[in-house]
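Next come the chains, spelled out residue by residue.
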Amino acid sequence: MPEPRRYIPTPAGFLMVLRQGDDVLARLEALMRDEAIPAATLSGFGFVHKATFGFFDFSRKEYRPRTMQDLELTNLTGTLAWKEGRPAVHLHAVAGDADFRAFGGHVLALEVGRGSLEIAVAVIPHRLERALDPGIGANVLQL
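Reference entry: report on the structure contained in this document. Keep in mind the model is a prediction, meaning the values are calculated, not measured.

**Side note on the packing of aromatic side chains**
For step 1, the next point in the chain: Using the criterion set out here, one finds three aromatic pairs in the structure.
For step 2, the next point in the chain: With a centroid separation of 5.0 Å and an interplanar angle of 70°, the aromatic rings of F56 and Y63 are classed as edge-to-face.
For step 3, the next point in the chain: Here the basic side chain of R5 rests over the ring of Y7, its NZ or CZ set 5.9 Å away from the ring centre.

**Examining the environment of A30**
For step 1, the next point in the chain: One can find A30 in helix α1 (residues 24-34).
For step 2, the next point in the chain: A residue is classified by how much of its surface remains accessible, and A30, at 22% relative accessible area, is partly exposed.
For step 3, the next point in the chain: With 57 residues separating them along the chain, A30 and P87 place their C-alpha atoms 8.4 Å apart.

**Focus: the pattern of salt bridges**
Oppositely charged side chains can pair when the atoms bearing their charge come close.
For step 1, the next point in the chain: For the structure on display, the rule yields eight salt bridges.
For step 2, the next point in the chain: With a closest N to O distance of 4.0 Å, R60 and D57 form a salt bridge.
For step 3, the next point in the chain: A salt bridge links R101 to D99, with the shortest nitrogen-to-oxygen separation between them at 3.6 Å.
For step 4, the next point in the chain: Accessibility expressed as a relative area gives 47% for R101, which makes it partly exposed.
For step 5, the next point in the chain: A network of salt bridges, in which partner residues are shared, links R6, D22 and R27.

**Digging into a nonpolar patch on the surface**
For step 1, the next point in the chain: A cluster of nonpolar residues, I8, L15 and V17, forms a patch on the protein surface that exposes about 210 Å² of accessible area.
For step 2, the next point in the chain: With respect to the helices and strands, L15 occurs in strand β2 (residues 13-19).

**Topic: the nonpolar core**
For step 1, the next point in the chain: Of all hydrophobic cores here, the largest spans 31 residues; its most connected members are V24, L28, L76, L91, L117, I119 and V121.
For step 2, the next point in the chain: Elements supplying a minimum of two residues to this core: β2, α1, β3 (39-57), β4 (62-83), β5 (86-96) and β6 (102-124).
For step 3, the next point in the chain: Not counting residues up to four positions away in its chain, the partners in contact with L91 are V24, L25, L28, L42, L76, T77, G78, G105, H106 and V107.

**A closer look at unusual backbone geometry**
For step 1, the next point in the chain: Phi is positive for A36, which is not a glycine, with a value near 50°.
For step 2, the next point in the chain: The backbone of K61 sits at a positive phi, close to 55°, despite the residue not being glycine.
For step 3, the next point in the chain: As for its position among the elements, K61 is in the loop between β3 and β4.

**A word on the layout of surface pockets**
For step 1, the next point in the chain: Within this model, the largest pocket holds a volume of roughly 480 Å³.
For step 2, the next point in the chain: Looking at the largest pocket, it is lined by 23 residues, and the ones nearest its centre are Y63, V89, H90, H106 and N139.
For step 3, the next point in the chain: Secondary structure elements with two or more residues in the lining of the largest pocket: α1, β3, β4, β5, β6, β7 (129-133) and β8 (138-142).
For step 4, the next point in the chain: Among the elements that line the lining of the largest pocket, the one with the most residues is β5, at six residues.

What counts and what doesn't
Residues numbered from 1 in each chain as written. Predicted model: local features only at pLDDT ≥ 70, side-chain atom pairs only at ≥ 80, totals over all residues. Heavy atoms only, no water. Phe/Tyr/Trp six-rings, centres within 6.5 Å; stacked < 30°, edge-to-face > 60°. Lys NZ or Arg CZ within 6 Å of the ring centre and 35° of its normal. Helix = DSSP H or I, 4+ residues; strand = E, 2+ residues; numbered from the N terminus. Buried < 20%, exposed > 50% of the residue type's maximum accessible area, 1.4 Å probe, protein only. Salt bridge = Lys/Arg side-chain N within 4 Å of Asp/Glu carboxyl O. Patch = residues over 30% accessible without salt bridge, like charges linked within 9 Å, V, L, I, M, F, W, Y side chains within 5 Å. Areas by Shrake-Rupley, 256 points an atom, 1.4 Å probe, with all protein chains shown as cover. Core = buried A, V, L, I, M, F, W, Y, C linked by side-chain atoms within 4.5 Å. Contact = heavy atoms within 4.5 Å. 1 Å grid on protein atoms, 1.4 Å probe; cavity = no way out; pocket = protein on both sides within 12 Å on 5 of 7 lines; lining within 4 Å. Points joined across faces, edges and corners; volume = space filled by probe spheres on them.

Set out below in structure tokens:
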């Protein structure tokens, strides 16, 4: 049986509805390649089984990761661009747990939980690239 469709076109870009077990970053990368998206902004919300957030440590020039499970994603925002010919997905999110505590930061990994995760992708018609800024040691969107 074929896999159910995960996105549809909209006047501004695409609407994605991801389901339990979906890898959000992989699905967004596939959307970029399959639809030849030059760049985009996005926003979303939904249920998360596992999320790995990162806090960028400028002195070490790397993310300090923390993984959490069974969260409700209250806000997902980010950009889609390219780096060295490959999709470059840059996401930040805030999610809450059953005790109404909120967590967030840069998204390093995100797996959809029970229910769904909805993402509105607004396409930008100009191809945008990310490049390493050696002064800060992080990738920066180039205009």
